[in-house]
Amino acid sequence: MKIVVMMKQVANKDAILRINKDATWIEESDLSFEVSESDGYALEESLRVREKLGGEVVVCSMGPQRVKSVIKDALARGADRAIHVVGDNLTHLSPFAAATVLADAIRDEKPDLVMTGLQSDDHGYGQTGVIMAELLGLPHATIVIELNAEADKLRVKRELESGWYQWYDMPLPALLTIQSGISQIRYATLKGIMAAKKKEIKEVTPSAEVVGRPSHQRIEKVYLPQKMKQTQLLGNGDAKAGAAELAQKLHTEARVF
Amino acid sequence: MSNGILVFIEHKGGVANKSSIEAIAAAQQLGSELQQPVSAVVLGADVSALAQEIAGYGVEKVICATNEKLADYTPDAYADGFEQVIKQTNPAFIFMTHTYQVRDFAPKLAARFGKGMISDCIRARVEGGKIGFTRRIFLGKLDADVISDGEAPVFATFQTGAYRPDQAAKGSGAPVETVAVEIGEVRMKPEAPFQEAKQAVDLTKADVIVAVGRGIKSKDNLGLAEKLAEALGGDIAASRPICDAEWLPIDRQIGSSGQTVAPKLYVALGISGAIQHLVGMKNSGTIVAINKDPEAPIFDIADYGIVGDLFEAVPVLTEEIKKIRGLL
C-alpha cells in the first residue's frame with residue numbers, strides 16, 4: 001500500500017499574529033510555525049495503515065524552505081520519504097490552484113491512498129483535499145474519524161453534525177480528509193530522528209503557469225474581527241483581583257447566581 | 001450570460017436543514033441589491049414535497065433534480081446531479097451553507113468549473129456591483145475580506161448562523177421545475193447515519209456550564225474547574241481537544257461536533273474560541289472568558305473577561321462565589 005499524506009505548515013497556534021503592511025496577510029518574518037493540527041493526525045493514520053498492511057508512506061508539503069521542518073518531523077515519526085513542492089509565494093494560491101499544484105506533484109506516485117487533514121489552521125478553506133480527489137479521479141470521504149483499511153478497500157466512519165456518524169465502504173485508490181482526534185499521535189524517537197537524516201526529500205517546482213493564473217478569489221484586506229459584544233475586561237493584568245471583581249459582577253450585575 | 005443566485009437546499013429524508021433557509025436569506029438580501037433573481041435547488045429521489053415547501057419562499061423558481069441514485073447522499077451523485085443543474089441554469093452565484101455535507105461534495109462540484117469556493121463566509125455585502133465576502137481565518141483570530149474575480153459561477157458558502165432563517169422572505173408560491181438528472185458511477189457505499197450510544201449527559205438543560213480548553217494543560221488540573229462548577233451549581237464541559245485527549249468523555253464536548261448549549265452562564269477557562277466551539281455556545285446568556293491570550297477569539301463574544309493565568313484566577317473566583325453564596 002502506497003500512502004501519500006499531505007501536510008501543511010501553518011503559524012503556531014499560540015503565536016501572536018501581526019497583520020502585514022499591506023493588510024493582506026500576516027507578518028511571517030519572525031513567526032514560529034508548526035504542522036496544521038489535523039494533518040498531524042493524517043500522518044498518524046497513514047503510519048498505522050502501513051504498519052497493518054505494509055508499503056510506504058510518502059509525505060508531501062508545499063511552501064518555502066521552512067516547511068522542511070514539518071517534513072523532517074514527519075520523517076522522524078516514521079514516514080519513508082518526502083516530496084517538497086518548493087515556492088516562496090504560494091500562500092495565496094486559491095484552493096483550486098493549490099490542489100492543482102499538489103495533485104500534479106503526487107500524480108506519478110500513483111498512490112493507493114491519499115490522506116490529509118480536514119482543513120488548514122490558517123486559511124481554513126476545507127477544500128484542497130476534496131478538489132485534489134476530483135483532479136486525481138479518486139473517490140473521497142471527508143471528516144473521517146475512524147478507518148479500517150484492507151488491501152483493496154476501505155471502510156471509514158465519517159463524522160456528521162451534532163453527534164451523528166456514518167460508515168462508508170469505498171474502493172481503493174481513494175482520498176480521505178482526517179478529523180483531529182482520530183487517534184493518539186506518536187512522538188518521534190531519537191532513533192527515528194537519526195534515521196530521518198538519511199531519508200529522501202525530493203524537491204519539485206510548481207508549474208509557473210498554474211501559480212501565475214489569476215485567482216478567482218483574492219484577499220483584499222485582513223483585520224482584527226469586529227467584536228460582537230463589548231467585553232468588560234477585569235483585573236487589568238491581575239488575574240486574582242479580576243477574579244474577585246468577576247464574582248461580584250456575576251452576582252450583582254449579571255445576576256447569574 | 002449567467003444570471004441569478006442559485007441556493008442549495010440540504011435535507012435529510014425530505015426534511016430541509018434549517019441552515020439552508022439561512023442561505024435563502026443571504027441570497028435574497030444580496031440578490032435584491034444586485035438585482036439578481038434567486039432560485040433554489042433540491043436534489044433527491046423523491047423530494048417534490050420539499051420542493052413545494054421551498055417554493056413558498058420568495059424565490060423565482062425551485063429546481064427539483066431527481067434520480068434514484070440521489071436517494072442517499074453521496075458526494076459522487078450530488079456532484080453529478082448539481083453540475084447538470086448549474087450547466088442548465090447558468091447562475092452567476094451558487095450559495096450554500098457551510099455544513100459538513102456541503103464541505104463533502106461542494107469543493108468537488110466547484111472543481112468541475114475550474115475553481116474552489118469562497119467558503120465559510122460570516123457576512124457579505126455588495127460593493128460596486130460585486131459581492132465582497134468576509135471569512136474568518138487563523139481559527140477565528142483574524143477576518144479577511146475576499147473579492148471574487150473571474151468568470152461566473154462564483155461558489156460561496158456561509159457559516160451556519162451567519163444569516164437567520166427567519167430573515168428569509170416568504171413568497172406567493174414559485175413554480176417547481178422537475179429535472180431528471182443523469183448520475184454516473186457512485187463509488188462510495190453509505191450506510192444509514194447513526195448516533196453513538198445515547199448521550200449520558202444532556203448539557204442543553206444546564207443553567208451554568210464551566211468549560212475547559214487546552215489552557216487547562218493537564219487532566220490533573222480539571223479539579224480546579226470542577227470546584228468552580230460545584231460552587232456555581234453547574235456542569236463541567238470541554239472543547240474538542242480535551243475530549244480528544246480523553247480527559248473528559250465526549251458527551252461533555254461543546255461545539256459543532258458535540259452539543260449546542262445556551263445556559264444562563266457559560267464560563268470558558270483556557271478556551272481560545274475556535275469557531276467550531278463558538279457555534280456550540282455563542283447564544284449563552286452571560287459568557288465569561290479567562291484566557292492568557294488577549295487576542296483569543298473567545299473574548300469577541302464574552303461579556304466578562306480576565307486576561308491572565310486561569311490557575312491564579314479560578315481558585316479566587318471559586319472562593320469568592322462561595323463566600324457570596326454563604327457556602328463558606
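Note that the structure is a prediction, hence the values are computed from the model and not measured. (Residues numbered from 1 in each chain as written. Chains lettered and ligands numbered in written order. Predicted model: local features only at pLDDT ≥ 70, side-chain atom pairs only at ≥ 80, totals over all residues.)

We now examine the overall build of chain A. A tally of helices and strands in chain A yields 7 helices and 13 strands. Across its three principal directions, the C-alpha atoms of chain A cover 65 × 40 × 40 Å. The proportion of buried residues among the 257 residues of chain A is 48%. Contacts in chain A between residues at least 24 apart in sequence constitute 71% of all its contacts with a sequence separation of at least 6. (Helix = DSSP H or I, 4+ residues; strand = E, 2+ residues; numbered from the N terminus. Buried ≥ 20, exposed ≤ 12 C-beta atoms within 10 Å, placed from the backbone. Contact = placed C-beta atoms within 7 Å.)

The helix and strand tally for chain B stands at 8 helices and 18 strands. The C-alpha extent of chain B, read off along each of the three principal axes, is 70 × 45 × 35 Å. Buried positions account for 57% of the 328 residues belonging to chain B. Excluding contacts between residues fewer than 6 apart, the proportion of contacts in chain B whose partners are at least 24 apart in sequence is 65%.

A few words now on the interface of chain A and chain B. Taken together, the contact pairs 70 residues of chain A with 72 residues of chain B. Broken down by secondary-structure element, the contributors of at least two residues to the side of chain A that touches chain B are helix H3 (95–106), helix H4 (128–136), strand S7 (140–149), strand S9 (164–171), strand S12 (217–223), strand S13 (232–233) and helix H7 (239–252) of chain A. With 9 residues, H7 of chain A is the single largest residue contributor to the side of chain A that touches chain B.

Our next topic: the domain arrangement of chain B. Residue and element names in this part refer to chain B. Parsing chain B into structural domains produces domain 1 (5–180) and domain 2 (203–325). Here the C-alpha centre of domain 2 lies 35 Å away from the C-alpha centre of domain 1. Listed per partner, the contact involves 6 residues of domain 1 and 6 residues of domain 2. (Domains from an automatic or database assignment.)

All names here are of chain A. Along the chain, Ala-76 falls in helix H2 (residues 68–77). For Ala-76, a count of 20 C-beta atoms within 10 Å translates into the label buried. Placed 117 residues apart in sequence, Ala-76 and Ile-193 show a C-alpha to C-alpha distance of 4.4 Å.

What follows concerns the pairing of strand S17 (residues 286–291) of chain B. Each regular strand displays side chains that alternate between the two surfaces of the sheet. Residue and element names in this part refer to chain B. Of all the 6 residues making up S17, 5 are buried; the element is thus mostly covered by neighbouring parts of the structure. By the bridge criterion, 5 bridges tie strand S16 (residues 265–269) to S17 in an arrangement that is parallel. Looking at S17, one finds that Tyr-266 is bridged to Ile-287. When S17 meets strand S18 (residues 304–307), the two strands line up parallel, connected through 4 bridges. Each residue of the ladder has a partner; that of Val-288, found in S18, is Tyr-304. (Pairing = 2+ DSSP bridges.)

Membership of the largest hydrophobic core comes to 189 residues, with the highest contact counts inside it found for Val-59 and Leu-102 of chain A together with Val-7, Val-42, Phe-95, Ala-211 and Leu-269 of chain B. Those residues within four positions of Ala-211 of chain B in sequence are excluded, and the remaining contacts are Ala-237, Ala-238, Ser-239, Ile-254, Tyr-266, Val-267, Ala-268, Leu-269 and Ile-271 of chain B. (Core = buried A, V, L, I, M, F, W, Y, C linked by C-beta atoms within 7 Å.)

The next subject is the sheet that holds S18 of chain B. Read from one edge to the other, the open sheet built from 6 strands follows the order S13(A)-S18(B)-S17(B)-S16(B)-S14(B)-S15(B), with strand pairing classed as parallel. Of all the strands in the sheet, just S13 of chain A together with strand S15 (235–238) of chain B have a single pairing partner and so form its edges. The strands that H7 of chain A touches are S17 and S18 of chain B; relative to S18 of chain B, the one it contacts most, it runs at about 170 degrees. Here helix H5 (residues 222–232) of chain B sits on the sheet and contacts strand S14 (208–212), S15 and S16 of chain B; the angle it forms with S14 of chain B, its principal contact strand, is near 170 degrees. (Axes fitted to C-alpha atoms, helices over the stretch in contact; angles between N-to-C directions.)

Spatial strand order, S12(A)-S9(B)-S8(B)-S7(B)-S10(B)-S6(B)-S1(B)-S4(B)-S5(B)-S11(B): 10 strands in an open sheet with mixed pairing. The sheet is open, and its two edges are formed by S12 of chain A together with strand S11 (176–180) of chain B, each paired on a single side. Across the sheet, the mean angle from the axis of one strand to that of its neighbour is 30 degrees, orientation sign disregarded. As paired strands, strand S7 (residues 118–127) of chain B and strand S10 (residues 154–158) of chain B are joined by 2 bridges and run parallel to one another. Residue pairing across strands places Ile-118 of chain B opposite Ala-156 of chain B, the latter belonging to S10 of chain B.

This part covers the packing of H4 of chain A against helix H4 (residues 100–111) of chain B. Between H4 of chain A and H4 of chain B, whose axes approach to 8 Å, the crossing angle comes to 50 degrees. In terms of orientation, H4 of chain A and H4 of chain B fall into the oblique class. When you trace H4 of chain A past H4 of chain B, the crossing you get is right-handed. Together, Val-130, Ile-131, Ala-133, Glu-134 and Leu-135 of chain A of H4 of chain A and Pro-107, Lys-108 and Ala-111 of chain B of H4 of chain B make up the contact between the two elements. For the contact of H4 of chain A with H4 of chain B, the class distribution of residues is 6 nonpolar, no polar and 2 charged. (Parallel < 35°, antiparallel > 145°, perpendicular 65-115°, else oblique. Left-handed = near helix turned anticlockwise from the far one by under 90°. Nonpolar A, V, L, I, M, F, W, Y, C, P; charged D, E, K, R; others polar.)

The next thing to look at is the domain arrangement of chain A. Domain annotation for chain A reports domain 1 (2–212) and domain 2 (232–257). Each of domain 1 of chain A and domain 2 of chain A has a C-alpha centre, and these two points are 44 Å apart.

All names here are of chain B. Helix H8 (residues 310–325) packs onto H5 with a crossing angle of 20 degrees between their chain directions and a minimal axis gap of 9 Å. Overall, the two elements H5 and H8 adopt an arrangement that is roughly parallel. Here H5 and H8 pass one another in a crossing that is left-handed. Note on element contacts: H8 touches H5 through Val-314, Pro-315, Leu-317, Thr-318, Ile-321 and Lys-322, opposite Leu-224, Ala-225, Lys-227, Leu-228, Ala-231 and Leu-232. Residues belonging to the contact of H5 with H8 are distributed by class as follows: 9 nonpolar, 1 polar and 2 charged.

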